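So you can see what is in the structure, the chains are spelled out below.
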Amino acid sequence: SRVLHWQGACGFRSTCSNPNPNPKPNPNPYPTPTPKRAGSGRPALDINQVCDDLEYDTGTVLVAIIINSTADYTSGNDSNMSLGEFSEGLFDEWKIGDQDYRDGLLLVIATSQSGDGYDWAYTGGDHWMEYWYVLEEWDEDLPDSVFTDLNNSNWSSAIMPMVTSLSDDVEEFWQTQRRHQ
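Keep in mind the model is a prediction, meaning the values are calculated, not measured.

Draft legend 1. How the structure looks around the overall build of the protein. Tallying secondary structure elements over the protein gives 6 helices and 5 strands in all. When the 181 residues of the protein are sorted by exposure, 45% land in the buried category. Sequence separation of 24 or more characterises 69% of the internal contacts of the protein that already satisfy a separation of 6 or more. Put simply, the protein shows about 9500 Å² of open surface, and 44% of that area lies on carbon and sulfur atoms.

Draft legend 2. Structural context of the confidence of the model for the protein. Across the protein, pLDDT averages 78, with 74% of residues at or above 70. In the predicted structure, residues 35–39 sits below a pLDDT of 50 and forms 16 contacts with residues beyond four places in sequence or in another chain.

Draft legend 3. Expanded view of the packing of aromatic side chains. Going through the model one piece at a time under the given rule, you end up with 12 aromatic pairs. Taken together, a centroid distance of 5.8 Å and an interplanar angle of 40 degrees make the contact between Trp120 and Tyr122 tilted. Ring geometry for Tyr122 against Trp132: centres 5.7 Å apart, planes inclined by 25 degrees, an arrangement best described as stacked. Residue Tyr122 is located in strand 5 (residues 117–124), and its partner Trp132 is located in helix 4 (residues 132–140); the two are separated by 10 residues in the primary sequence. Within the aromatic cluster, the residues linked to one another by ring pairs are Trp120, Tyr122, Trp132, Trp138 and Phe147.

Draft legend 4. The arrangement of helix 5 (residues 144–151) in detail. All of the buried residues in helix 5 are Val146, Asp149 and Leu150. Down the axis of helix 5, the buried set is contained in an arc of 100 degrees. They therefore lie on one face. Residues Asp144 and Asn151 are exposed on helix 5 and point more than 90 degrees away from its buried face. In this structure, the buried residues of helix 5 make contact with strand 4 (105–114), strand 5 and helix 6 (155–179). Downstream of helix 5 by a residue or two, Ser153 has a phi angle that is positive, lying close to 60 degrees.

Analysis parameters
- Residues numbered from 1 in each chain as written.
- Predicted model: local features only at pLDDT ≥ 70, side-chain atom pairs only at ≥ 80, totals over all residues.
- Heavy atoms only, no water.
- Helix = DSSP H or I, 4+ residues; strand = E, 2+ residues; numbered from the N terminus.
- Buried < 20%, exposed > 50% of the residue type's maximum accessible area, 1.4 Å probe, protein only.
- Contact = heavy atoms within 4.5 Å.
- Areas by Shrake-Rupley, 256 points an atom, 1.4 Å probe, with all protein chains shown as cover.
- pLDDT = per-residue confidence, 0-100.
- Phe/Tyr/Trp six-rings, centres within 6.5 Å; stacked < 30°, edge-to-face > 60°.
- Arc of directions from axis to C-beta.

Set out below in structure tokens:
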């Protein structure tokens, strides 16, 4: 499977081919997180810096990954899992963010999710369920260039403004929360 990972707290990894052509069946349908700072390159460093700054400034962990398709990780009973369901399960499996406060965020782009091409989903811990409007506003305010880049398969060009604008919105949320305390 082709997996690209951008992970603020976990680093960047690019795998263009399956390192094990005959993998053993995995009862867990989710990819394994990459170690911190697993990759390199300018886009990874920029994305890591945005995610690291967000975590340092607010405590919120943001993880962004790009996968080929959930079909690469699901089979049997999970074969019809939507990207949203996959994202929620992956969020829980990777234990993103503070597990007591549940304030982490996950952005998943699947480059070949359906016959129509890419799809994307985002989810957050229980904390964000109360403040879901922050994520909805972020989603609605994404620049058109993000979708142009997604449509043209320019994944790193699309993900950087997605991560940056989400980070900005989360920082603004926390600043507002601090002012109201």
